[in-house]
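So you can see what is in the structure, the chains are spelled out below.
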Amino acid sequence: MKKAAAWALCAAWMALIFFMSAMPGDVSGEQSGTIVDLLLGALETAGVAQEAIDPAMLELLLRKGAHMAEYAVLFVLLFRALRLSGARHPGLTALLMSAAYAATDEFHQMFSEGRGPSPVDVLIDTAGAGGGWGVLTLLSKRPKALSKKEG
């Protein structure tokens, strides 16, 4: 049951990525723009001078950071499903599967209005998956005393 649920979560996350990639470019840009406006407002409230921030650069960082985060999550979900399935090398397999999905996702964007494939985005997505692997590795190396709650 755990194994089936783990694979179902992978499929659901991949479907979400697919759905986001199917969004027309103007809709995706509008969403990013709204988040950038909120961030700029928050920074202004915090006392950061507006001239210190380049909105276009902030939007680029936000979009590429979102790519990395969504593929870090995909890696973690695939890693868990593969480990539960008894894979010999769940980390490497999850990384390769994430990279392959990133490539197919970019191909899919050729058919989304106002979007197109980007080999750079495949690399960014794969780097995000690698970051997910790094976080899992760091968490697994924590001393037991730090991972237990003091009570």
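These numbers were taken from a predicted model, which means no experiment stands behind them. (Residues numbered from 1 in each chain as written. Predicted model: local features only at pLDDT ≥ 70, side-chain atom pairs only at ≥ 80, totals over all residues. Heavy atoms only, no water.)

**Considering the overall build of the protein chain**
In terms of regular secondary structure, the protein chain is built from six helices and zero strands. Seen in sequence order, the protein chain has helices and strands lined up from the N terminus as α-α-α-α-α-α. Looking at the protein chain as a whole, 26% of its 151 residues are labelled buried. Restricting the contact set of the protein chain to residue pairs at least 6 apart, pairs at least 24 apart contribute 70%. A total accessible area of about 9600 Å² is found for the protein chain, and carbon and sulfur atoms account for 69% of it. (Helix = DSSP H or I, 4+ residues; strand = E, 2+ residues; numbered from the N terminus. Buried < 20%, exposed > 50% of the residue type's maximum accessible area, 1.4 Å probe, protein only. Contact = heavy atoms within 4.5 Å. Areas by Shrake-Rupley, 256 points an atom, 1.4 Å probe, with all protein chains shown as cover.)

**Some remarks on the pattern of salt bridges**
Throughout the structure, instances matching the rule amount to one salt bridge. One salt bridge connects Lys64 with Asp121, and the closest N-O pair in it is separated by 2.6 Å. Placement of the pair is Lys64 in helix α3 (residues 55–84) and Asp121 in helix α5 (residues 119–140), with a sequence separation of 57 residues. With a relative accessible area of 25%, Lys64 lands in the partly exposed category. (Salt bridge = Lys/Arg side-chain N within 4 Å of Asp/Glu carboxyl O.)

**A look at helix α2 (residues 25–45)**
Its 21 residues give α2 an end-to-end C-alpha distance of 30 Å, which sits within 8% of 30 Å, the value for a rise of 1.5 Å per residue. For α2, the full list of buried residues reads Gly25, Ser28, Ser32, Val36 and Leu40. Considered in projection along α2, the buried side chains sweep an arc of 105° and stay on one side of the axis. Opposite the buried face of α2, at more than 90 degrees from it, the exposed residues are Glu30, Asp37, Leu38 and Thr45. On its buried face, α2 sits against α3. Gly47 sits one or two positions beyond α2 and adopts a positive phi of about 95°. (Expected span 1.5 Å × (residues − 1). Arc of directions from axis to C-beta.)

**Focus: a nonpolar patch on the surface**
Judged by side-chain polarity, Leu16, Phe19 and Met20 come together as a nonpolar surface patch covering roughly 280 Å² of accessible area. Within the fold, Leu16 resides in helix α1 (residues 2–22). A relative accessible area of 38% means that Leu16 is categorised as partly exposed. (Patch = residues over 30% accessible without salt bridge, like charges linked within 9 Å, V, L, I, M, F, W, Y side chains within 5 Å.)

**Regarding α5**
Across its 22 residues, α5 extends 32 Å between first and last C-alpha, which sits within 8% of the 32 Å expected from 1.5 Å per residue. Along α5, the residues that are buried comprise Asp121, Val122, Ile124, Asp125, Gly128, Ala129 and Gly132. Looking at the buried residues of α5, the elements they touch are α3 and α4 (90–108).

**Side note on the packing of α3 against α4**
Helix-helix packing: each pair is described by the crossing angle between the helix axes and the interaxial distance. Interaxial distance between α3 and α4 falls to 8 Å at its minimum, and their mutual angle equals 135°. Between α3 and α4, the crossing angle belongs to the class labelled oblique. Where α3 crosses over α4, the handedness of that crossing is right-handed. Together, His67, Tyr71, Leu74, Phe75, Leu78, Phe79, Leu82 and Arg83 of α3 and Pro90, Gly91, Thr93, Ala94, Leu95, Met97, Ser98, Tyr101, Ala102, Asp105 and Glu106 of α4 make up the contact between the two elements. (Axes fitted to C-alpha atoms, helices over the stretch in contact; angles between N-to-C directions. Parallel < 35°, antiparallel > 145°, perpendicular 65-115°, else oblique. Left-handed = near helix turned anticlockwise from the far one by under 90°.)

**Notes on the side chain of Ser112**
Within the element layout of this structure, Ser112 appears in the loop between α4 and α5. Under the relative-accessibility criterion, Ser112 is labelled buried at 6%. Ignoring sequence-local partners within four residues, the contact set of Ser112 consists of Ser21, Ala22 and Met23.

**Quick notes on the packing of aromatic side chains**
Two descriptors summarise a pair of aromatic rings, namely the distance from one centre to the other and the angle between the planes of the rings. As enumerated under the stated definition, the model contains three aromatic pairs in all. Through a chain of ring-to-ring contacts, three or more aromatic side chains come together here, namely Phe75, Phe79 and Trp133. (Phe/Tyr/Trp six-rings, centres within 6.5 Å; stacked < 30°, edge-to-face > 60°.)

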